[in-house]
Amino acid sequence: MARAATTTDAFNAVAEPRRRQILDLLAQGERPVNDLVAMLGLAQPQVSKHLRVLREVDLVRVRDEGRQRLYRLNAEPLRPIHDWLSKYEQAWNERFDLMDTILAELNEEDSHGDD
């Protein structure tokens, strides 16, 4: 089976760690490509390639300001990822609640053992 193109949806686009780093930086605010290049320590063509993929799935928007192109996050396409992960959040919370209960019981045993 052929691998899905990275530009088909947000799931595939964010599978690449560098693209997630770019999204993290853009979540802090709008930035020109040169800032992203400096912050990531990558060559400008690499950053531009990642930005193109992110733009194709609408995770990143761009606007021209004078001679600069400013990139910003568009988080809406991340909603399907959030919705998918939220199904697992309940299972994680149940496990954490169980761990809290066990730790509380162990602490209770320790405090009674000191008597």
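The model shown is predicted, which means the values in this text are computed figures rather than measured ones. (Residues numbered from 1 in each chain as written. Predicted model: local features only at pLDDT ≥ 70, side-chain atom pairs only at ≥ 80, totals over all residues. Heavy atoms only, no water.)

### Overview of the overall build of the protein chain
Summing up its helical and strand segments, the protein chain has five helices and three strands in all. Tracing the protein chain from N to C terminus, the helices and strands come up as α-α-β-α-α-β-β-α. Over its C-alpha trace the protein chain gives a radius of gyration of 21 Å, far above what one expects of a compact globule, namely 13 Å for 115 residues. Considering only C-alpha atoms, the protein chain reaches an extent of 75 × 35 × 25 Å along its principal axes. Looking at the 115 residues of the protein chain, the share that counts as buried comes to 25%. Nonlocal contacts in the protein chain, meaning residues at least 24 apart in sequence, comprise 49% of its contacts between residues at least 6 apart. A total of about 8300 Å² of accessible surface is found on the protein chain, and carbon and sulfur atoms cover 51% of it. Measuring between centres, the 16 positive side-chain charges of the protein chain sit 20 Å from its 21 negative side-chain charges. (Helix = DSSP H or I, 4+ residues; strand = E, 2+ residues; numbered from the N terminus. Rg over C-alpha atoms; globule rule 2.2 N^0.38 Å. Buried < 20%, exposed > 50% of the residue type's maximum accessible area, 1.4 Å probe, protein only. Contact = heavy atoms within 4.5 Å. Areas by Shrake-Rupley, 256 points an atom, 1.4 Å probe, with all protein chains shown as cover. Lys, Arg positive; Asp, Glu negative; His and termini not counted. Charge placed at Lys NZ, Arg CZ, Asp CG, Glu CD.)

### Brief notes about the pairing of strand β3 (residues 68-73)
Where strand β1 (residues 31-32) and β3 come together, two bridges link them in antiparallel fashion. Looking across to β3, one finds that Pro32 is bridged to Leu70. For strand β2 (residues 60-65) and β3, the ladder comprises six bridges, and the chain directions are antiparallel. From the neighbouring strand, Asp64 faces β3, where its bridge partner is Arg69. (Pairing = 2+ DSSP bridges.)

### Details of the pattern of salt bridges
Under the defined criterion, the tally for this structure stands at six salt bridges. The closest approach of N and O atoms between Glu76 and Arg79, which form a salt bridge, is 3.1 Å. Residue classification places Arg79 among the partly exposed positions, given a relative accessible area of 46%. Each of Glu30, Arg63 and Glu65 takes part in a single network of salt bridges with overlapping partners. (Salt bridge = Lys/Arg side-chain N within 4 Å of Asp/Glu carboxyl O.)

### Examining the sheet that holds β3
Sheet architecture is open: three strands sit in the order β1-β3-β2, paired in antiparallel fashion. For this open sheet the edge positions go to β1 and β2, each flanked by a neighbour on one side alone. Lying on the sheet, helix α4 (residues 44-56) is in contact with β2 and β3; it crosses β2 at an angle near 115°. (Axes fitted to C-alpha atoms, helices over the stretch in contact; angles between N-to-C directions.)

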